[in-house]
Each structure stands twice: as structure tokens, then as C-alpha cells.
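# Residue-level structural notes
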Amino acid sequence: MPATTLPFVPHYVPAPKTNEPLEYADLPIIDLSKADTPEGRMALAQEVRQAMTAHGFFYVINHGYTQAETDRMFDIADIPFSMVSDDEKRAYDSRVKQTGSYQGYKLRQYWHIDAGVRDQIEHYNINRDVNRKEHPKALLPFLPEIDRFARFNHFNVLHPILRLLALGLELPEETFVNQHNFSAEGETWVRMMKYYPRSEEEERKTRSVWLKGHTDFGSITILWSQPVAALQMQSSDGKWRWIKHIDNALVINAGDVMEFLSGGFYKATIHRVVQPPEHQCGYPRLGLFYFAMPDDDMRLLPHVESPMLQKCGVKRRFEDADAPLMETWRKGRASAYGQTKLQKKDDKVEEEVITGIVVKHFN
């Protein structure tokens, strides 16, 4: 059978890796290939439970995508930014504030960062069902590959991780998987994201913060590691530490929804994006993500049947009677982010209330 010829795409050349002696977070590395057997899953579940309760971040290796396949997806990820005109981008603007949906473009300078400075970040979001909406012409030849990538993230990465998280709570393996159905109504998406270099004045006014400390509002975020050092996590001692790039690795973190569903056992991880080291400052930062969320009709209640939660106790951010539907929560968070006036609590924390739930931002 003849090999399939893939459509041509210009090769995206990222910034060179940094050799700066940055203070990196010491994160666990999870070998996902070990999840193929029940014994391997039980052993990994202990590692993931420790990672998610101690750090909230971990790396995944041996996930099944080759380096060449990953490189190809980064080439495709640059298409919405380098091969689509500004006019066409505006035609596919997601109008997040009005729709509560990120499907399509989030254009530059939409979010307020700090001190009157707006963001220099562009991203294009494609629902896991790549045919749900129309796309810019330049992306159309690549939809089969993006579809394969979405399915790979969902079934080969997300679902195995959800099984490990369920086992860590001593729940049936499929507990969280059954809440993340590929064909259900919802907004799990592939995100292609590009940070552009900023002016010296913008860096000064924002104290070199590109995206304030925050938690993701979904359940699990899958980040495909790239070489521009900019992502930091807030460690348990309150200190910001860098996330190190590992070739062809994934960086996994929990979001608010996983905190809700796990009764506070797995904490949503506070992280931010800052100016890269000096020798990388002139380069754009191209990111590739899979943001996972449960089905829209799921009510975000904790799994109090968990033997682990019954031993440790449930830590609620809202009463069960006030638990929002996933659709309500995601629309509220998406519409408000970077658009609402935050209430300053002290020099480090600002707050807003979404569907009755206090959401914190860390400056």
C-alpha cells in the first residue's frame, strides 16, 4: 500500500535551548508506557498521586509520539499565526467575552495583564471535534493530522492519566474517564499559542510577567514541552520555580475542575509565564496544548465515595448544592479572564467571583 503523502508545511525553527542556571522545579517524570498493565498502573498511580499532591505538575515520557511527529505538529501549530492574514484572523475571532468559548482565535491585546499593559499572545483553539466549526483556509489541509493529534491526546494521554488519578483516590479506574467522553458536548480543545516579544516598557510595567499566576479552569492540561524558558510554577514554599524543557516530553498539571472533582485532594496548580532569559528574549514562544474538560452536562461534585477522601476529608470550595455545571463554569471563566476588574486582597493576590466561586490571581 503506498505511503500517504502529507501536505507541505514550512518548518518552524524554535529558539535555541537556554543554558542559564535557572532554579528549576524538581518534578517527577512519569513513564507512561508502564501504564499498559494493571501492575504498572498501580505502581504509577502512587507516583502520580505523590506528584499531584506535592507539586501539581509532572512530566510524561514514552507517551507514544515520536520526536519527528511532535516536530511536525509544531510546524502545523505555527500555521494559524504565520500563514493567516490579520483580516482572516478577525473573521475567526472567538469573541470570548460574548460566547464564553475559546474556539477560534484569541487575538493579541485582548487580555489586560497589569498597569495598563495588554497581552502580546495569540492563540487558536480547535475543539476535539475538529469539524465542529470552520477554520482558516491555510489550516484545512492539516485537519486530518490535527484530528489524529486530538484523539491521541484524549485516548493515549488524557485517559491513562485520568485512570491513574482515579486509582490514586482508590476509585474505579474509569471514574474520571467516564466524565471525559470524546463525543460528548463540551469544549476540550487543541490550543496553538504564540507569545510575541514585548517592548522594554511593557516588561518594566508588568515586572516581566507575561501572564499572571493563575490556575487553569479545566481538569487536566497537557503541554507539549518547547525550549523557550518562560513557564514557572509556585512551589509549596511560595517560591516561583521554572519548568525545564525536556525534548518530546509532556508537562501535565491539574486545573480547578480536578480540584473540585477530587474534593481538594489534587490541587489546581498555580503557574505563570514570564520574560525568558536574555538570549531567548527576541524569539516568539510557540506552544501546543490539549486542555481537557469534563462533559458539559457534568455537575462538578466531589467523588465523596472515594475511600481516600473518606480518610483525608473533603475540602470544598463551594457547597454541593451550589456546584455548577461544567458548561456554566467554563463559560464564566472564559468570559471573565483578562476582562474583569480584579479585587486586590494584598500585594500578591487579586480575586474575582465566578458562578459564586472565588477565583484567585497571583501577581
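Residues numbered from 1 in each chain as written. Predicted model: local features only at pLDDT ≥ 70, side-chain atom pairs only at ≥ 80, totals over all residues. Heavy atoms only, no water.

The name recorded for the protein chain in an unreviewed UniProt entry is Clavaminate synthase-like protein, from Laetiporus sulphureus 93-53.

To continue, consider the side chain of Asp-216. On the secondary structure map, Asp-216 appears in the loop between β8 (209-214) and β9 (220-224). Buried and unpaired, Asp-216 has Arg-333 as its nearest opposite-charge partner, separated by 6.9 Å. Separated by 2.7 Å, the side chains of Asp-216 and Thr-221 make a polar contact. Within the local environment of Asp-216, its side chain forms a polar contact with the side chain of His-271, the two groups lying 3.2 Å apart. Excluding residues within four positions of it along the chain, Asp-216 makes contact with Thr-221, Asn-253, Gly-255, Asp-256, His-271 and Phe-291. (Helix = DSSP H or I, 4+ residues; strand = E, 2+ residues; numbered from the N terminus. Buried < 20%, exposed > 50% of the residue type's maximum accessible area, 1.4 Å probe, protein only. Lys, Arg positive; Asp, Glu negative; His and termini not counted. Salt bridge = Lys/Arg side-chain N within 4 Å of Asp/Glu carboxyl O. Polar contact = N/O pair within 3.5 Å; in protein donor to acceptor, adjacent residues only side chain to side chain. Contact = heavy atoms within 4.5 Å.)

Another point: the pattern of salt bridges. Where charged atoms from two side chains of opposite charge come close, those side chains can pair. Overall, the coordinates contain 27 salt bridges when judged by the stated rule. Where Arg-317 meets Glu-259, a salt bridge forms, and the shortest distance between an N and an O atom there is 3.7 Å. You can see Arg-317 sitting in the loop between α9 (307-312) and α10 (326-336) and its partner Glu-259 sitting in helix α8 (residues 256-261), a full 58 residues away along the chain. Under the relative-accessibility criterion, Arg-317 is labelled partly exposed at 32%. Overall, the relative accessible area of 10% leaves Glu-259 in the buried class. Taken together, the shared-partner salt bridges in this structure form one network comprising Glu-23, Asp-237, Lys-239 and Arg-241.

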